[in-house]
Amino acid sequence: MTEKDRELLRRTIVIAHEAMEKGNHPFGALLADKDGNILLEQGNEFREGGSAYHAETLLLLKAAKKYSPDFLKSCTLYSNFEPCCMCTGALYWTNVGRLVFGATEKDLLRFTGDNEENPTFSLSSREVVRHGQKDIIIEGPSDDDALVEAICRDHMDFWK
């Protein structure tokens, strides 16, 4: 994971916090081109669409309308947490070639527990991609403890 990756992950924390301030779950995602330029940003929209309105899926659906699959192959999805199987599926089907996430699905499960608004899977994005036919690069979780702590901060009390 590069310093640019860490910088963009820090941006997902801000997006997630802004989503939370609007009454949504604290998740944020962004799409960057091969040079690290931010193309799209998206927070969770639970209040609008319930549990299916994950930041990553919403962002990827917008990206599929705006960019070609060939272009998306060279792009990276950044997410504060490891995308769930639904969001990883959206990554797969939109043809985004790389995923970078800060904290794992297992980290998230520690916070969400059995919360009915986010019945977190115990299924890694790597496992989902392993069963597909595309070579998608996955980097995460972050090895920067301070970054992971910052990602988790909004979740510590949110799910109680």
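First, a word on what this report is: a plain description of the structure on this page. (Residues numbered from 1 in each chain as written. Predicted model: local features only at pLDDT ≥ 70, side-chain atom pairs only at ≥ 80, totals over all residues. Heavy atoms only, no water.)

## Some details on helix α5 (residues 85-94)
Part 1 of the reasoning: When you tally the buried positions in α5, you get 7 out of 10 residues, the bulk of the element.
Part 2 of the reasoning: Residues of α5 that are buried sit in contact with α3 (55-66), α4 (69-73), β3 (76-81), β4 (98-103) and α7 (125-130). (Buried < 20%, exposed > 50% of the residue type's maximum accessible area, 1.4 Å probe, protein only. Helix = DSSP H or I, 4+ residues; strand = E, 2+ residues; numbered from the N terminus. Contact = heavy atoms within 4.5 Å.)

## Notes on the nonpolar core
Part 1 of the reasoning: Core analysis: the largest hydrophobic core is formed by 39 residues, its most contacted members being Leu31, Leu77 and Phe81.
Part 2 of the reasoning: The set of elements that each furnish at least two residues to this core consists of α1 (3-21), β1 (28-32), α3, β3, α5, β4, α6 (105-112) and α8 (145-153).
Part 3 of the reasoning: Considering each element in turn, this core owes the most residues, 5 residues, to α8.
Part 4 of the reasoning: Once residues lying within four places of it in the same chain are set aside, the contact partners of Leu31 are Asn37, Ile38, Leu39, Leu40, Leu59, Ala63, Tyr67, Leu72, Cys75, Thr76, Leu77 and Val96. (Core = buried A, V, L, I, M, F, W, Y, C linked by side-chain atoms within 4.5 Å.)

## Brief notes about the packing of α1 against α8
Part 1 of the reasoning: Packing of α1 against α8 brings their axes to within 9 Å, and their N-to-C directions diverge by 15 degrees. By the angle class used here, α1 and α8 are roughly parallel. Read as a crossing pair, α1 and α8 show a hand that is left-handed. For the pair α1 and α8, the contacting residues are Arg6, Leu9, Arg10 and Ile13 in the first and Leu147, Ala150 and Ile151 in the second.
Part 2 of the reasoning: Looking at the contact of α1 with α8 residue by residue, the class counts come to 5 nonpolar, no polar and 2 charged. (Axes fitted to C-alpha atoms, helices over the stretch in contact; angles between N-to-C directions. Parallel < 35°, antiparallel > 145°, perpendicular 65-115°, else oblique. Left-handed = near helix turned anticlockwise from the far one by under 90°. Nonpolar A, V, L, I, M, F, W, Y, C, P; charged D, E, K, R; others polar.)

## Some points on the sheet that holds strand β2 (residues 38-43)
Sheet strands pair via backbone hydrogen bonds, and the direction of the pair is either parallel or antiparallel.
Part 1 of the reasoning: What the 5 strands build is an open sheet, ordered β2-β1-β3-β4-β5; its pairing is mixed. Looking along the sheet, the strands with just one partner apiece sit at the ends: β2 and β5 (137-139). Neighbour to neighbour, the strand axes of the sheet diverge by 15 degrees on average, direction disregarded.
Part 2 of the reasoning: Examined bridge by bridge, β1 and β3 share 4 bridges and lie antiparallel to one another. (Pairing = 2+ DSSP bridges.)

## Quick notes on unusual backbone geometry
Part 1 of the reasoning: Here the residue pair Gly140 and Pro141 is connected by a cis peptide bond, since its omega of 0 degrees sits within 30 degrees of zero.
Part 2 of the reasoning: Mapped onto the elements, Pro141 comes out in the loop between β5 and α8.
Part 3 of the reasoning: Here the phi dihedral of Asn95 falls at roughly 80 degrees; this positive angle occurs in a residue that is not glycine.
Part 4 of the reasoning: Its place among the elements puts Asn95 in the loop between α5 and β4.
Part 5 of the reasoning: With relative accessibility at 17%, the residue Asn95 sits in the buried group.

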